[in-house]
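An overview of the molecular structure
Now for the letters of each chain:
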Amino acid sequence: MSMFDISERAEKYRAQLLEFMDSHVYPAEAVYDEQMRAAGDPHFQPPILEELKAEAQRRGLWNLFHPYPEWGPGLTNLEYAPLAEIMGRSHLAPEACNCNAPDTGNMEVFTLFGTDEHKEKYLKPLLAGTIRSAFAMTEPAVASSDATNVELSMVRDGDEYVLNGRKWFASNALHPNCTVLIVMGKTDPDAAPHRQQSMMVVPIDAPGVTVMRGLPVFGYQDREGHAEIVFQNVRVPLKDVLKGEGEGFAISQARLGPGRIHHCMRAIGMAERALELMCRRASTRITFGKPIAANANIQDWIAEARIDIEMIRLLTLKAAYLMDTVGNKEARTEIAAIKVAAPNIALKIVDRAIQVHGGAGVTDDFPLAMAWAHLRTLRLADGPDEVHKRTLARQELRKYRDVKADN
């Protein structure tokens, strides 16, 4: 028996989710596009998405990501992996099932480190899908791939902290239902490098919080938005410091481990859909008297795509298995490896699918252009490729630290 065999309960969710995708999600994509165009607002919450959320909730396909039975189905990472892959096939599915980033990571942070008040005020509405949240960590003035560079100041003043600084790429902050931010900043510049940072809970409408703009991603204004936010003398009570002063870096590591694997699972789903679209297009379009699929280079692309998808799926499942059995820290090599491999491989497959589609591939008539933009961005989000490669290289070199050089 393989250690990657899907459990009976995960198989049940998988079958239900596949049926939901076919009967509701894929047909809703065209309706979603029509409603967004009619609204003329890139951050509009279209009615079709609320209908999908209600249907997913009715079917029990809700909060599938949450590992704690008190708040969700309590699936392991290995059980959730095939479900995240299925949801990755459509940009509507993660939010429809309340499994969309950055809310998933924020909900886990509130679960692990939030007070009873935070859970009542924010976690429960997030789990119900009635509000959204954002994670404010990245800054425009520093290289945020190194989290110790964070500069937003958090200065203690009596029973409060005063926040001053600027963040950007706070995804979800322009969603009309976004009500709360989790903000990382610097509370003690003189502490050890990984103890200088803290995380705090800040309502998005707190005095001094100003959402400046939504940042475009390869020309797209994503509906949830990637906001640039200014914090000017924002006062945060002591009770809204998560876990305690100096714990920001530790929280970020706890948050990003599951987040990274979720992204990679969804990337595999994008790659699978791109391969499907590539095969359908190549089989039905004729050039120079024969189907595009008859060309040797197209057959090579299709074969390589299948090989690559199977490889990254197995590596991702291995990472999920290790996270479940030995913990995120012990699985850091595999987590770093999939964070590099999955977006890059999926990006290559999507790029080739675009090529097979010709001009149509770069339009919004197909989901390929948007998938390309998302996957290219994913090579930067949650740590750029280079940081993860650095982690991998250090892990490999550590094995030979005590080996003497050959004479």
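Source: prediction; values computed, not measured.

Reading guide: rules and limits
- Residues numbered from 1 in each chain as written.
- Predicted model: local features only at pLDDT ≥ 70, side-chain atom pairs only at ≥ 80, totals over all residues.
- Heavy atoms only, no water.
- Helix = DSSP H or I, 4+ residues; strand = E, 2+ residues; numbered from the N terminus.
- Expected span 1.5 Å × (residues − 1).
- Buried < 20%, exposed > 50% of the residue type's maximum accessible area, 1.4 Å probe, protein only.
- Arc of directions from axis to C-beta.
- Patch = residues over 30% accessible without salt bridge, like charges linked within 9 Å, V, L, I, M, F, W, Y side chains within 5 Å.
- Areas by Shrake-Rupley, 256 points an atom, 1.4 Å probe, with all protein chains shown as cover.
- Salt bridge = Lys/Arg side-chain N within 4 Å of Asp/Glu carboxyl O.
- Lys, Arg positive; Asp, Glu negative; His and termini not counted.
- Charge placed at Lys NZ, Arg CZ, Asp CG, Glu CD.
- Domains from an automatic or database assignment.
- Contact = heavy atoms within 4.5 Å.
- Buried area = accessible area lost by both parts, 1.4 Å probe.
- Polar contact = N/O pair within 3.5 Å; in protein donor to acceptor, adjacent residues only side chain to side chain.

**Examining helix α11 (residues 385–398)**
The end-to-end C-alpha distance of α11, which contains 14 residues, comes to 20 Å, matching closely the 20 Å that a straight helix rising 1.5 Å per residue would cover. Of the positions making up α11, those classed as buried are Asp 385, His 388 and Gln 395. Axial view of α11: buried residues confined to an arc of 95 degrees, hence all on one face. Exposed side of α11, more than 90 degrees from the buried face: Glu 386 and Leu 397 are the residues found there.

**A closer look at a positive patch on the surface**
Together, Lys 329, Arg 332, Arg 390, Arg 394, Arg 398 and Arg 401 give the surface a local cluster of positive charge. Broken down by element, the residue count for the positive patch peaks at three residues, all from α11. Within the secondary structure, Arg 398 sits in helix α11.

**Here we look at the domain arrangement of the protein**
The domains assigned to the protein are domain 1 (8–114), domain 2 (132–242) and domain 3 (249–399). The C-alpha centroid of domain 3 is placed 29 Å from the C-alpha centroid of domain 2. Facing 13 residues of domain 2, the contacting portion of domain 3 comprises 13 residues. Interface area, domain 2 with domain 3, both sides summed: about 1100 Å², of which 78% is carbon and sulfur. In terms of surface lost to domain 3, no three residues of domain 2 exceed Phe 135, Phe 218 and Tyr 220, which account for 43% of the buried area on that side. Here domain 2 and domain 3 share zero salt bridges between them. At the junction of domain 2 and domain 3, the tally comes to two residue pairs in polar contact (both at pLDDT 80 or more).

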